[in-house]
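Observations on the model geometry
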Amino acid sequence: MKPGGAPADELDEDDWYEPPTSEQDETIQHSLFGEILDWMLAPLLLLWPMSIAITYLVAKGIANQPFDHALEDNVTMLVQQFKLADGTQAAGQLPGRAGGNAREALRGDDVDAVYYLMLDQQGRYLAGDRDLPPPQDAERYRSGTVLFRNDAVHGTPVRVAFSYIDTPDGGDDGERALVQVAETLEKRAQLANEIIKGVILPQFIILPVILALVWFALSRGLSPLAQLQERIRARPPDDLSPIDSGQVPEEITPLVGSLNDMLSRLSLSIEMQKRFIADAAHQMKTPLAGMRMQSELALRQTDHDEIHRSLLQLAKSSEAATRLVNQLLALARAENQPQAGTAFEALELSELARTVVQDWVQASFAQQIDLGFEQAAEPVMISGNPMMLRELLGNLIDNALRYTPAGGSVTVRVRSTPEQAILEVEDTGPGIPQAERSHVFERFYRILGSNVDGSGLGLAIVREIAQQHGAEVDIFHNPRAHTPKLPGTLLRLSIALLPPETPPEDDITYG
């Protein structure tokens, strides 16, 4: 039941809907084609309105030029008429004569209105439209130059061309007569709009063509990816040969190279697994065949002593098979931990070694071998996987006990240098010749003439675990051996020390 007595099967939408989590969002696939298309079209669609605005400004500038030239010609004409009238006038005749000529010369049209204004040296009205405002700050304009400005007449925007004229009776005060002509902007706007239409309308036709060409170009550009996909899919399942990088574009050559590296590693891993399975099957034949033979022999025997002897051999063969299987499983577990570093933890090496040595005390008693342990004076902290390190040390101790004759000794020692932790296992056995030391870490490799039961997997497991921990394993003769015939073996594991933790700031004392 829901709170308030609502049945459980009558749930609101908010009760069963779960928003997608970040993990679900990360699984959403993105199309490379779509990504490229978006990044190509988005700037295009953003720049298109900007290009229209810029085109409009350019069109206005282009439209202004011919009309400005016409205004300039009108101003020049009025200036000439003004000077002519000024040179021939009688008193009081200048305004009428100049104004009449100006009205005849300036003819408006049905679209734009034309205004003009003439002022004398003192700024008095001579002719034209009184509503046309004069320019501001006339002192900064040079005489004889036609200039332009934007202004308004009765609230209507106009374009004004004007010029100041020096006259003979202007005096020395720098006063000048003013002639200016203004025109409304309708024809200019119409011309600018025509230019915009002439530019924009073709773009509406060209833009879809551009989109189609971009789509086609992307499809052709990404076709090598599809061809590469088809070639990979057409491969047999067991074909791990490198992909030919000469048939792919330069941009995806690094991807193909990385894929080839992965295929090479995968091929090597599969080859190692095949060899491991073949070697394991070969090694398992011997104990299994011995167990079968001893069991069949015991079934045929009638003498209790012979049956007991066969059962003892059967037990030994079973023990050898069990140890071989355990070592095979340990090696497979060590080799198939690519993320072993994520399971590392801080541990004290002396304490770990002590517990492993205690597990092998009874086996050393049974073989009449003195098993000793030498602990470091200070704690030796390392980062590692406790289970795998126990397996490593167990194999070293087992290997030493097997090759050390009765009455000998095996010593496990933990010590440290300023940068490394050292784990040593030394014995008083026959030792490992210099020529054999590079081979004893191989799988199923055994030194000829050793006459010791074993599978040849112990040191292979040791090397695999050491590599996962970034450690090094070295082999030496036992420097404390007593007889030349039994030089002994010293196996040394060197692993980096764990950096000491920095104490909290509150715990630091000064002084």
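Further up the page is the structure itself.
Residues numbered from 1 in each chain as written. Predicted model: local features only at pLDDT ≥ 70, side-chain atom pairs only at ≥ 80, totals over all residues. Heavy atoms only, no water.

According to the stated counting rule, one finds 1 aromatic pair in the structure shown. Relative to Tyr164, the ring of Phe162 has its centre 6.5 Å away and its plane inclined at 90°; by these criteria the two rings are edge-to-face. Of the two residues, Phe162 and Tyr164, neither departs from the other in class, the shared state being buried. Positioned over the ring face of Tyr125 is Arg130, at 3.7 Å from the centre of the ring. Across from the ring centre of Phe162, 5.1 Å away, lies the NZ or CZ of Arg149, which sits over that ring. (Phe/Tyr/Trp six-rings, centres within 6.5 Å; stacked < 30°, edge-to-face > 60°. Buried < 20%, exposed > 50% of the residue type's maximum accessible area, 1.4 Å probe, protein only. Lys NZ or Arg CZ within 6 Å of the ring centre and 35° of its normal.)

Pairing within the open sheet is mixed, and its 5 strands lie in the order S7-S9-S10-S12-S11. Lying at the two open borders of the sheet, with one neighbouring strand each, are strand S7 (370–374) and strand S11 (472–476). Across this sheet, the average inter-strand angle for adjacent strands is 15°, counted without regard to direction. Pairing of S11 with strand S12 (residues 489–496) involves 5 bridges; the strand directions are antiparallel. Bridged to Phe476 within S12 is Leu490. Each of S7, strand S9 (409–416), strand S10 (420–427) and S12 is contacted by helix H10 (residues 386–403), which is oriented at about 25° to S10, the strand it contacts most. (Pairing = 2+ DSSP bridges. Helix = DSSP H or I, 4+ residues; strand = E, 2+ residues; numbered from the N terminus. Axes fitted to C-alpha atoms, helices over the stretch in contact; angles between N-to-C directions. Contact = heavy atoms within 4.5 Å.)

It is worth spelling out the nonpolar core at this point. Counting residues in hydrophobic clusters, the biggest one holds 38 residues, and the most contacted among them are Ile382, Leu392, Leu393, Ile397, Val412 and Leu423. Secondary structure elements with two or more residues in this core: helix H8 (349–359), H10, S9, S10, helix H11 (458–468) and S12. For this core, the element with the most residues is H10, which contributes 8 residues. Among residues more than four places away in sequence, those in contact with Val412 are Ala353, Val357, Gly372, Phe373, Glu374, Leu393, Ile397, Leu423, Glu424 and Val425. (Core = buried A, V, L, I, M, F, W, Y, C linked by side-chain atoms within 4.5 Å.)

Looking now at the sheet that holds strand S1 (residues 114–119). Spatial ordering of the open sheet is given by S2-S1-S5-S4-S3, a layout of 5 strands whose pairing is antiparallel. Looking at the sheet topology across the chains shown, the edges are occupied by strand S2 (125–128) and strand S3 (147–153). Neighbour-to-neighbour, the strand axes of the sheet open up by a mean angle of 25°, direction not taken into account. Pairing of S1 with strand S5 (residues 177–184) involves 6 bridges; the strand directions are antiparallel. When the sheet's bridge partners are listed, Tyr115 is paired in S5 with Ala182.

Considering the arrangement of structural elements, one finds Glu183 in strand S5. Setting aside anything within four residues of it in sequence, one finds Glu183 in contact with Phe67, Leu71, Asp112, Ala113, Val114, Val158, Arg159 and Arg188.

Attention shifts here to the pattern of salt bridges. A pair can form between side chains of opposite charge whenever their charged atoms are brought close. What the rule picks out here adds up to 17 salt bridges. Between Asp68 and Arg188 there is a salt bridge whose closest N-O contact spans 3.0 Å. Of this pair, Asp68 sits in helix H3 (residues 32–88) while Arg188 sits in helix H5 (residues 186–233), placing them 120 residues apart in sequence. Residue Arg188 is classed as buried on the basis of its relative accessible area, which comes to 5%. Two residues, Arg492 and Glu424, come together in a salt bridge whose shortest N-O distance is 2.8 Å. Remark: Glu424 occurs in strand S10 and Arg492 occurs in strand S12; sequence separation between them is 68 residues. A relative accessible area of 23% places Arg492 in the partly exposed class. Glu424 gets classed as buried once you look at its relative accessible area, which sits at 3%. In this structure, a network of salt bridges that share partners links the residues Glu374, Arg413, Arg415, Glu424, Glu426, Arg480 and Arg492. (Salt bridge = Lys/Arg side-chain N within 4 Å of Asp/Glu carboxyl O.)

So, to be careful, I would describe these as geometric facts and stop short of saying anything about function.
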